[in-house]
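# Fold and geometry: a report
Residue-level listing of the chains:
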Amino acid sequence: MPSRHSYGPHPSQFCELYAGGPSVAVLIHGGFWRARYGLDLEHALAADLVARGWTVWNIEYRRIGEGGGWPQTYDDVRAAISALPVSAERVVAIGHSAGGHLAVRAAADVALTGVVSQAGALDLYELARRGTSDHVVRQFLGGSPDAVPAVFEAATPRPPSVPALLVHGALDEDVPVSLSRDFAAHHGTDLAVIEDEGHMEHLDPGSQCWRAVIEWL
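Below or above, wherever it landed, is the structure these notes cover. In this text the structure is predicted, and so the values were computed from the model without any measurement.

Looking now at the side chain of Thr-132. Looking at the secondary structure, you find Thr-132 in helix H5 (residues 132-141). Residues within four places of Thr-132 in sequence aside, it is in contact with Phe-32, Leu-127 and Asp-174.

Before going further, it helps to spend a moment on helix H2 (residues 72-82). Every buried residue belonging to H2 is among Thr-73, Tyr-74, Asp-76, Val-77, Ala-80 and Ile-81, and all of these are buried. Considered in projection along H2, the buried side chains sweep an arc of 155° and stay on one side of the axis. Its buried side turned inward, H2 meets strand E2 (14-18), strand E3 (23-28), strand E4 (55-59), helix H3 (98-106) and H5.

So, on to the pairing of strand E8 (residues 190-194). Pairing of strand E7 (residues 164-169) with E8, which is carried by five bridges, proceeds in the parallel orientation. Bridge pairing in E8 places His-168 opposite Val-193. After leaving E7, the chain enters helix H7 (residues 177-187) and then returns to the sheet as E8, a path that is right-handed.

This paragraph deals with the nonpolar core. Counting residues in each nonpolar core, the largest one holds 48 residues, and the members touching the most others are Val-26, Ile-28, Trp-33 and Val-137. When residues of this core are assigned to their parent elements, the largest contribution, five residues, is made by H3. In contact with Ile-28, not counting residues within four places along its chain, are Glu-42, Ile-59, Tyr-61, Val-77, Ala-93, Ile-94, Gly-95, His-96, Gly-99, Leu-102 and Ala-103. Formed by 21 residues, the second largest nonpolar core is a distinct cluster that contains Val-56, Cys-209, Trp-210 and Val-213.

One pass over the structure, following the stated rule, counts five aromatic pairs. With a centroid separation of 5.0 Å and an interplanar angle of 10°, the aromatic rings of Trp-70 and Tyr-74 are classed as stacked. Feature note: the residues Phe-32, Trp-33, Trp-70, Tyr-74 and Phe-140 constitute an aromatic cluster, connected by ring pairs. Here the guanidinium or amino end of Arg-4 rests over the ring plane of Phe-14, the centre of that ring lying 3.6 Å away.

Checked against the element boundaries, Met-1 lands in the segment before strand E1 (3-6). As for Met-1 and Glu-16, which are separated by 15 residues in sequence, their C-alpha atoms are 9.2 Å apart.

Pairing in this open sheet of eight strands is mixed, and the strands run E1-E2-E4-E3-E5-E6-E7-E8 from one edge to the other. Each of the sheet's edge strands pairs with one partner strand only, and the pair in question is E1 and E8. For this sheet, the mean angle separating the axes of adjacent strands, direction not counted, is 20°. Strand direction decides the pairing type here: E3 and E4, joined by five bridges, are parallel. The partner of Leu-27 across the bridge, within E4, is Asn-58. The strands touched by H7 are E7 and E8; relative to E7, the strand with the most contacts, the crossing angle is about 155°.

With that out of the way, let us pick up unusual backbone geometry. Backbone torsion omega between Trp-70 and Pro-71 reads 5°, so that peptide bond is classified as cis. When you line up the elements, Pro-71 lands in the loop between E4 and H2. Unusually for a residue other than glycine, Ser-133 sits at a positive phi of about 50°. Along the chain, the position of Ser-133 falls in helix H5.

Turning our eyes to something else, we now look at helix H8 (residues 208-216). Within H8 the residues assigned to the buried category are Cys-209, Trp-210, Ala-212 and Val-213. For H8, the angular spread of the buried residues around the axis is 155°, confining them to a single face.

Before going further, it helps to examine the environment of Thr-73. As for its position among the elements, Thr-73 is in helix H2. Taking the relative accessible area as the measure of exposure, Thr-73 reaches 0% and is therefore buried. Through-space distance from the C-alpha of Thr-73 to that of Trp-33 is 7.9 Å; in sequence the pair is 40 residues apart. Apart from residues no more than four positions distant in its own chain, Thr-73 is found in contact with Trp-33, Tyr-61, Arg-62, Arg-63, Gly-68, Leu-102 and Phe-140.

Thresholds, definitions, all that
- Residues numbered from 1 in each chain as written.
- Predicted model: local features only at pLDDT ≥ 70, side-chain atom pairs only at ≥ 80, totals over all residues.
- Heavy atoms only, no water.
- Helix = DSSP H or I, 4+ residues; strand = E, 2+ residues; numbered from the N terminus.
- Contact = heavy atoms within 4.5 Å.
- Buried < 20%, exposed > 50% of the residue type's maximum accessible area, 1.4 Å probe, protein only.
- Arc of directions from axis to C-beta.
- Pairing = 2+ DSSP bridges.
- Right-handed = clockwise from strand over helix to strand, strands pointing away.
- Core = buried A, V, L, I, M, F, W, Y, C linked by side-chain atoms within 4.5 Å.
- Phe/Tyr/Trp six-rings, centres within 6.5 Å; stacked < 30°, edge-to-face > 60°.
- Lys NZ or Arg CZ within 6 Å of the ring centre and 35° of its normal.
- Axes fitted to C-alpha atoms, helices over the stretch in contact; angles between N-to-C directions.

Structure follows, in structure tokens:
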């Protein structure tokens, strides 16, 4: 069973630590930054990583509907990673969907040795243009790109300065695979496109999407 660690006073400012080996995987769940989705989404991957000899730091954060949004959600992710209570030679952030956005964005500001984006929401402008998930990007950032241009610029992931892998299912109907393809093409990151899987397979330890992550790690 993991131990629970708080990194702030809000009920969502906590992490689960799964003791394992000398390398740490920081798991950042998705759910389009909304409060109804939580870190339990990552439990199956956490168990798989521990079985493979990893220590896991599964983080929770404030989300839309409970004090989250930009920059609060991102501030929490940075604080949670910085609060890691163990030392490690390797600390790799692995984020799914909205968590992929947060993981890649955090790679510019916190000490990581690698980052993995699983179907990451890496192009906020494109998702806003599409009106994805009832215009969730506008909810998260507080408006459209025209209304809050500085917020969109601040929230957009930077080119990672550490090794990075983008994994995306070609059948993804939630976050289009073009977002990962375009990001990889512009920034030279590693890219694995899984032709016959979609969005939620990333959370299944038996999936090809997850196998691509394990092989890269």
